[in-house]
Amino acid sequence: MAVDRSLWVHVVVLLGVAAVAATAHAEPATARQQELVNMVRQDCGSCHGLTLQGGLGPALLPAVLKDKPAESLVATVMMGRPGTAMPGWAPFMSEQEAEWIVARLMQGFPPVAQQLESSK
Amino acid sequence: MMGRMLGAGVLSLGLLAGCAQTPALRGTGDMGVVIERATGAVQVVEHSGRTSLGSVPGLGDLSHAHVTYSRDARYAFVFGRDGGLTKVDLLTQRIVKRVIQAGNSIGGSVSQDGRLVVAQNYQPGGIKAFDAETLELVSEVPAEYAPGQFSKVVGLADVPGQKFVYALFEAGEIWVTDFTDPRQPKTTRYPAGKQPYDGLVTPDGRYFMAGLFGEDGIALLDLWHPEKGVRKILDGYGRGEEKLPVYKMPHLRGWAMAGGFAFLPAIGRHEVLVVDTRTWTEAARVAVKGQPVFVMARPDGRQVWVNFAFPDNGWVQVIDTPTREVVKTLAPGKAVLHMEFTPRGDEVWVSARDDNKVTVFDTASFEVRQTLPATAPSGIFFSHRAARIGF
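From a predicted model like this one, the values you see are computed outputs, not experimental measurements.

Engineer: Hey, could you run me through helix H5 (residues 95-107) of chain A in this one?
Structural biologist: Given 3.6 residues per helical turn, the α-helix brings residues three or four places apart onto the same face. Residues and elements named next belong to chain A. The end-to-end C-alpha separation of H5 is 19 Å, in line with the 18 Å expected for 13 residues at 1.5 Å each. Every buried residue of H5 is listed here: Glu97, Ala98, Trp100, Ile101, Val102, Arg104 and Leu105. Just past H5, the residue Gly108 takes up positive phi, approximately 110°.

Right, here's the structure in full:
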């Protein structure tokens, strides 16, 4: 049946993407990625700014982060920094997800879907 | 009579020339703005009929935006995170003037005489005073607390005597700046405690309080007796108990003062603190659903409404002040960011950022009176703030 065939194609494509992702650096699923992007912009944004240019917390822009070791930034995200206002986010994300966030922050963080639509 | 009416007609035509539609003459006392955080716009609203009147775009990065009003309650001063300060006319729904005044800003306030609008900035740390009419820079006070070291400014509040009080996060101080001579402001510094994260002034303008992040307790300055310096209240609150991580700094502005008691967000705890304002000691703690962000009293003080930090930001709870019990738990949508009461408290507007809506509740029955669509709404600011000290 046509429906079944297209379903199969989807499954195969998805498996393919998953396999590539797994060999590269264990990417979160697309829906979860969107959730994480939204979380970083909004919830991290309450301290680091929606545009990540800093607020109570420092800017999280590529230029600021480029010389910092990714592992230590991942540790900061997961465990927070005692004695500062940076909380640990381990209850809300996995280590891989924190790695994914840090990698994106170092490249320049993607905007939320809503912003994409509205930006001229 | 005829002449007066004609005069007013001509005047409004003149003001509104170029506008597609000429709005009818109206007061601004029931108007306000809703911040649309992600799109850099504000919606102009009115709370008598609970409607949106229009949208004003082009205001920049409005995360953590704050709004204060001109003395005549016609103009909203919108402070954006990106340092933008925009004067918006509620009646014509247009930008009158916009300046980029800093790299990173979190709010501002209008002076007692209405002539100055003062911005508080993170970057470069300090405050800047602008002419409320033209938005021209009048003077500034850099938050240089030690040679070459600048602090972020938090909790700015206007107080009587053309003064502004604010706290310095890195410096751990409270500063009072007197703008009696607007071009030559005079500043007095008071040691306050570790990492003040926000501040507020009591509705009479007498007591300034700064919440401390770096230690337990709240710094209190009596502005009638500033020579006595800062007093630490609720000192040692929670000491010895393990703190929960704080996912969003509580806001103290818009805090609750009800029946001689202050209701404050406990930082890092699922509690609202009740403080006796005669002795400034803790009277009780009310257990709530999450870490409180805004703790706001209905204008008559009978109820206190509380919203919460991530991950409990889908809830709002209502505390009955005499019994100090949670009497209602509401779920107004995903990511509730702000609440604003109508001037006499019959209704409250609540924004739910991730559900793209604002819900208007009747505060007596808790029934939903209206929902309004808005794009990622955050702060809601009604024009009656124009007449209040510390807003």
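Here the narrative resumes, following the displayed structure.
Engineer: Where do I start with the interface of chain B and chain A in this structure?
Structural biologist: Think of interface size as the accessible area that goes away when the parts come together; that is how it is often given. Listed per partner, the contact involves 25 residues of chain B and 24 residues of chain A. Three residues, Ala38, Tyr247 and Phe310 of chain B, lead the burial of chain B against chain A; their summed loss comes to 28% of the area buried on that side. In this structure, the connection of chain B to chain A is made through zero salt bridges. Scanning the region where chain B abuts chain A turns up six residue pairs in polar contact (both at pLDDT 80 or more). For the side of chain B that touches chain A, the residue count by class is 11 nonpolar, seven polar and seven charged.

Engineer: Hey, could you run me through the pairing of strand E16 (residues 173-178) of chain B in this one?
Structural biologist: All names here are of chain B. Burial runs high along E16: five of the six residues are buried. Bridge count between strand E15 (residues 163-168) and E16: six bridges; the pairing is antiparallel. Looking at the pairing, Phe164 lines up with Thr177 of E16. Pairing of E16 with strand E17 (residues 186-191), which is carried by six bridges, proceeds in the antiparallel orientation. Looking at E17, one finds that Trp175 is bridged to Arg189.

Engineer: How should the side chain of Ser111 of chain B be read in this particular structure?
Structural biologist: All names here are of chain B. If you trace the backbone, Ser111 turns up in the loop between strand E8 (104-110) and strand E9 (116-123). A polar side-chain atom of Ser111 sits 3.4 Å from the main-chain amide nitrogen of Arg115. If sequence neighbours within four positions are ignored, Ser111 has contacts with Leu116, Gln162 and Phe164.

Engineer: Even after reading the chapter, I still don't get helix H4 (residues 70-79) of chain A, so can you show me in this structure?
Structural biologist: All names here are of chain A. Among the residues making up H4, those that are buried are Leu73, Val74, Thr76, Val77 and Met78. Taken together, the buried residues of H4 touch helix H3 (62-65) and H5. Positive phi appears at Gly80, one or two residues downstream of H4, with a value of about 75°.

Engineer: Where do I start with the packing of aromatic side chains in this structure?
Structural biologist: Each pair of aromatic rings is reported with the distance of its centres and the angle of its planes. All names here are of chain B. On inspection of all chains with the given rule, the structure shows 13 aromatic pairs over all chains. Here Phe164 and Phe179 contribute two aromatic rings whose centre-to-centre distance is 5.6 Å and whose plane-to-plane angle is 85°, an arrangement assigned as edge-to-face. Here Phe164 is found in strand E15, whereas its partner Phe179 is found in the loop between E16 and E17, with 15 residues between them in sequence. What makes Phe164 buried here is its relative accessible area of 0%. The class of Phe179 is buried, set by a relative accessible area of 1%. On the numbers, 6.3 Å between centres and 50° between planes, the contact of Trp305 with Phe361 is tilted. Separated by 56 residues along the polypeptide, Trp305 in strand E27 (residues 303-308) and Phe361 in strand E32 (residues 357-362) bring together distant segments of the chain.

Engineer: What is the right way to read the side chain of Lys128 of chain B from this model?
Structural biologist: Residue and element names in this part refer to chain B. With respect to the helices, strands and loops of the structure, Lys128 is situated in strand E10 (residues 126-131). There is no salt bridge for the buried Lys128, and the closest opposite charge comes from Glu140, which lies 4.3 Å off by N-O distance. Within the local environment of Lys128, its side chain forms a polar contact with the backbone oxygen of Gln101, the two atoms lying 2.6 Å apart. Once you skip the residues sitting within four places of it in the chain, Lys128 turns out to touch Gln101, Val117, Val118, Ala119, Asn121, Leu137, Ser139 and Glu140.

Engineer: What should I look at first to understand the packing of helix H2 (residues 30-48) of chain A against H5 of chain A in this one?
Structural biologist: Each pair of packed helices can be described by the angle between their axes along with the distance between the axes. Residues and elements named next belong to chain A. Viewed as axis vectors pointing N to C, H2 and H5 meet at an angle of 60°, and their least axial separation amounts to 11 Å. As H2 runs across H5, the sense of the crossing is right-handed. For the pair H2 and H5, the contacting residues are Arg32, Gln33, Leu36, Val37 and Val40 in the first and Glu97, Trp100, Ile101 and Leu105 in the second.

Engineer: Please clarify how the sheet that holds strand E30 (residues 336-341) of chain B should be interpreted in this entry.
Structural biologist: Hydrogen bonds between backbone groups are what pair the strands of a sheet, and the pairing can be parallel or antiparallel. Residues and elements named next belong to chain B. Read across the open sheet, the four strands follow the order E30-E31-E32-E33; overall the sheet is antiparallel. Since the sheet does not close on itself, it has two edges, and those belong to E30 and strand E33 (368-373), each with one partner. Within this sheet the neighbouring strands show an average axis-to-axis angle of 20°, counted without direction. Here strand E31 (residues 347-352) runs beside E32; their pairing, made up of six bridges, is antiparallel. Across the sheet, residue Ala352 finds its bridge partner in E32, namely Lys357.

Engineer: Would you take a moment to explain the pattern of salt bridges for this structure?
Structural biologist: Side chains that carry opposite charge are capable of pairing whenever their charged atoms lie near each other. Evaluated as defined, the whole model comprises 20 salt bridges over all chains. Measuring nitrogen to oxygen at the nearest pair gives 3.5 Å for the salt bridge that ties Glu271 of chain B to Arg285 of chain B. Highlighted residues: Glu271 of chain B in strand E24 (residues 271-276) and Arg285 of chain B in strand E25 (residues 281-287), separated in sequence by 14 residues. Among the residues examined, Arg285 of chain B registers a relative accessible area of 33% and is labelled partly exposed. Note that Asp362 of chain B and Arg369 of chain B form a salt bridge whose closest N and O atoms lie 3.0 Å from each other. Note on Asp362 of chain B: relative accessible area 15%, which makes it buried. Here the salt bridges do not stand alone but share partners, grouping Arg32, Glu35 and Glu97 of chain A into one network.

Engineer: Before we go on, may I ask you to explain the packing of H4 of chain A against H5 of chain A in this structure?
Structural biologist: Residue and element names in this part refer to chain A. Where H4 contacts H5, the two axes come as close as 9 Å, and the packing angle between them is 120°. As summarised for this structure, H4 and H5 are arranged oblique, according to the angle between their axes. Here H4 runs over H5; the crossing is right-handed. Within the contact between the two elements, H4 uses Ala70, Leu73, Val74, Val77 and Met78 and H5 uses Glu95, Ala98, Glu99, Val102 and Met106. Its residues assigned to classes, the contact of H4 with H5 comprises eight nonpolar, no polar and two charged.

What counts, and at which threshold
Residues numbered from 1 in each chain as written. Chains lettered and ligands numbered in written order. Predicted model: local features only at pLDDT ≥ 70, side-chain atom pairs only at ≥ 80, totals over all residues. Heavy atoms only, no water. Helix = DSSP H or I, 4+ residues; strand = E, 2+ residues; numbered from the N terminus. Expected span 1.5 Å × (residues − 1). Buried < 20%, exposed > 50% of the residue type's maximum accessible area, 1.4 Å probe, protein only. Contact = heavy atoms within 4.5 Å. Buried area = accessible area lost by both parts, 1.4 Å probe. Salt bridge = Lys/Arg side-chain N within 4 Å of Asp/Glu carboxyl O. Polar contact = N/O pair within 3.5 Å; in protein donor to acceptor, adjacent residues only side chain to side chain. Nonpolar A, V, L, I, M, F, W, Y, C, P; charged D, E, K, R; others polar. Pairing = 2+ DSSP bridges. Phe/Tyr/Trp six-rings, centres within 6.5 Å; stacked < 30°, edge-to-face > 60°. Lys, Arg positive; Asp, Glu negative; His and termini not counted. Axes fitted to C-alpha atoms, helices over the stretch in contact; angles between N-to-C directions. Left-handed = near helix turned anticlockwise from the far one by under 90°. Parallel < 35°, antiparallel > 145°, perpendicular 65-115°, else oblique.

Any functional reading would require information beyond the geometric quantities listed.
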